[in-house]
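A look at the structure
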Amino acid sequence: MWKNIQPAPPDSILGLTEQFKKDENPRKVNLGVGVYKDNSGNTPILEVVKKAEQTLLTSQATKSYLPISGDPAYGRAVQKLVLGEDSDACRSSRAVTVHAPGGTGALKVGADLLKKFKPQSRVWVSSPTWANHNGIFGNAGFEIDSYGYYNPRSKDLDFDRMMKDLNAISAGDIVILHTCCHNPSGVDLDRDQWNEVVRSADSHGWIPFLDFAYQGFGDGVEEDRYAVERFVASGMDVLVASSFSKNFGLYNERAGALTVICPGAEEAAVAMSHLKTVIRTNYSNPPAHGGLTATIILDDPELYRQWLAELAAMRDRIREMRSGLVKGLANCGVEGDFSFIERQRGMFSFSGLSDEVVQWLRAEKAVYMVGGGRINLAGLTTDNMDYVCRSIAEALQAVG
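On a predicted model such as this, the values are computed, not experimentally measured, just so you know.

Reading the values: the criteria
Residues numbered from 1 in each chain as written. Predicted model: local features only at pLDDT ≥ 70, side-chain atom pairs only at ≥ 80, totals over all residues. Heavy atoms only, no water. Helix = DSSP H or I, 4+ residues; strand = E, 2+ residues; numbered from the N terminus. Rg over C-alpha atoms; globule rule 2.2 N^0.38 Å. Contact = heavy atoms within 4.5 Å. Buried < 20%, exposed > 50% of the residue type's maximum accessible area, 1.4 Å probe, protein only. Right-handed = clockwise from strand over helix to strand, strands pointing away. Pairing = 2+ DSSP bridges. Patch = residues over 30% accessible without salt bridge, like charges linked within 9 Å, V, L, I, M, F, W, Y side chains within 5 Å. Areas by Shrake-Rupley, 256 points an atom, 1.4 Å probe, with all protein chains shown as cover. Salt bridge = Lys/Arg side-chain N within 4 Å of Asp/Glu carboxyl O. Arc of directions from axis to C-beta. Lys, Arg positive; Asp, Glu negative; His and termini not counted. Charge placed at Lys NZ, Arg CZ, Asp CG, Glu CD. Phe/Tyr/Trp six-rings, centres within 6.5 Å; stacked < 30°, edge-to-face > 60°.

**Some remarks on the overall build of the chain**
What the chain contains, in helices and strands, is 16 helices and 13 strands. Here the C-alpha atoms of the chain give a radius of gyration of 21 Å, agreeing with the 21 Å that 2.2 N^0.38 yields for 400 residues. Its C-alpha atoms give the chain principal-axis dimensions of roughly 65 × 55 × 55 Å. Counted over contacts in the chain with a minimum sequence separation of 6, partners at least 24 positions apart contribute 76%.

This is the structure in structure tokens:
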């Protein structure tokens, strides 16, 4: 049946990783895929995760299916982390949470749920956005449009254009918002700007869908959830997709969650009933190991403190790599002001490098970046920093 069918194009990011693996250059550097790496270039298992897994190994009594929505304790732990321990939405039961296979699975469940009841709505994503947003919501059957976000000239947020676009969005349309550590630009809103966005949603009636994949990678666990808290406090309907891939390093365990916040407990119960029907026809039950591991950590005060410390160490390393890249480029004589890289947050940055430079770096120096010049700062180490900076300087001279 596949004889006359053309192969599908490779994923722009994961396909880049396949090319990187095949590259035989001993100095190759992968700044493409969105995975945290330590200073040795490895994606580590957190020590606190190892402890929790040991507890799970000795205490787990069954491998039976989890409930469709996941373990209730997991849902409570996620809400405490994502919404805040004292959140009114938790106390009043107007928030419901389902365990999804990663943040991608959470977005998919949310997309299918919304398509069921808002079939004519349009989905709005930031310009630019994570490429898979288009795939997920497009495959769910939505028409997709974009709102202004990043200004490539200033290397900063184009907030005026963003608000002009958001204020023109029709009631009932769905707006995907990066809660922190915007992927791919690394440019985030400040608190005053978030307050304006919340007011726009409230007054114009569009539905906020928050992608919260990097909690703790920006300024801290509590600081990074400010936007979520403001939307929840408004009393409107809100969806939040969250993930433990990055902040717990549970990439291959696919531990994520979708939290739906409603004006009241009755509406939340209705939402949960339909979430279960969506999940049942997608994957039936969530994977257990990663979610149960995260629950153990979040529910144990000592393990939770250890997790915060390990998370802070990851966050600090990324900041050090940002500073190192800016200084390294200056030391190599690269013209221009790259200080914007230090102002951005999270793993990603729009470097400002052209596609021609990106291609030259890949071909000549085995330095891999995503088209558009997006780089993952966690791919930098103290060992490869000088090589990357000098390679960029050479590329800029060669390409002009």
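**A few points about the environment of Leu258**
Structurally, Leu258 can be placed in strand β10 (residues 255-261). A residue is classified by how much of its surface remains accessible, and Leu258, at 0% relative accessible area, is buried. For the pair formed by Leu258 and Asp211, sequence separation is 47 residues and the distance between their alpha carbons is 9.6 Å.

**Focus on unusual backbone geometry**
Geometrically, the link from Ser127 to Pro128 is a cis peptide bond, its omega value of 5° lying close to zero. For Pro128, the position within the fold is in the loop between β3 (122-127) and α6 (131-139). At Cys181, a position not held by glycine, the phi torsion is positive, near 55°. Turning to its location among the elements, Cys181 is positioned in the loop between β7 (174-178) and α8 (191-204). Exposure remark for Cys181: the relative accessible area of 1% places this residue in the buried category.

**What to know about the pairing of strand β8 (residues 207-212)**
Counting buried positions along β8 gives 6 out of 6 residues, so the element sits mostly inside the fold. In β8, alternate side chains face the same way, and those of Ile207, Phe209 and Asp211 on one face and Pro208, Leu210 and Phe212 on the other are all buried. Each parallel crossover has a hand, and for β7 linked through α8 to β8 it is right-handed. Examined bridge by bridge, β8 and strand β9 (residues 238-243) share 4 bridges and lie parallel to one another. Residue pairing across strands places Leu210 opposite Val240, the latter belonging to β9.

**What about a nonpolar patch on the surface?**
A grouping of Met1, Trp2 and Ile5 is seen on the molecular surface, where their side chains present a nonpolar patch of about 440 Å² in accessible area. For Met1, the position within the fold is in the segment before α1 (14-22). Overall, the relative accessible area of 80% leaves Met1 in the exposed class.

**Concerning α6**
When α6 is considered as a whole, its buried residues turn out to be His133, Ile136 and Phe137. Seen along its axis, α6 keeps its buried residues to an arc of 85°; they face one direction. Contacts made by the buried residues of α6 are with α5 (102-117), β3, β4 (143-148), β7 and β8. Gly141 lies just past α6 and shows a positive phi near 105°.

**So, a negative patch on the surface**
Together, Asp160, Asp190, Asp192 and Glu196 make up a negatively charged patch on the protein surface. Along the chain, the position of Asp192 falls in helix α8.

**Re the pairing of β3**
Pairing analysis gives 6 bridges linking β3 to β4, with the strands arranged parallel. The residue bridging Ser127 from the neighbouring strand is Gly148, located in β4. For the crossover that starts at β3, traverses α6 and ends in the parallel β4, the hand is right-handed.

**Describing the pattern of salt bridges**
Within the structure shown, the criterion is met by 15 salt bridges. Note that Asp165 is salt-bridged to Arg161, the shortest N-O span being 3.9 Å. Remark: Arg161 and Asp165 occur in helix α7 (residues 159-166); sequence separation between them is 4 residues, near one turn of the helix. Taking relative accessible area as the criterion, Arg161 reaches 39% and is therefore assigned partly exposed. Where Glu229 meets Arg225, a salt bridge forms, and the shortest distance between an N and an O atom there is 3.0 Å. Residue Glu229 is classed as partly exposed on the basis of its relative accessible area, which comes to 29%. One salt-bridge network, held together by shared partners, links Asp188, Asp219, Asp316, Arg319 and Arg345.

**Overview of the packing of aromatic side chains**
For the coordinates displayed, the defined rule picks out 12 aromatic pairs. Ring geometry for Tyr36 against Phe217: centres 6.3 Å apart, planes inclined by 90°, an arrangement best described as edge-to-face. One end of the pair, Tyr36, is in the loop between β1 (29-30) and α2 (47-59); the other, Phe217, is in the loop between β8 and α9 (221-224), with 181 residues separating them in the sequence. Like Tyr36, the residue Phe217 is buried in the burial classification.

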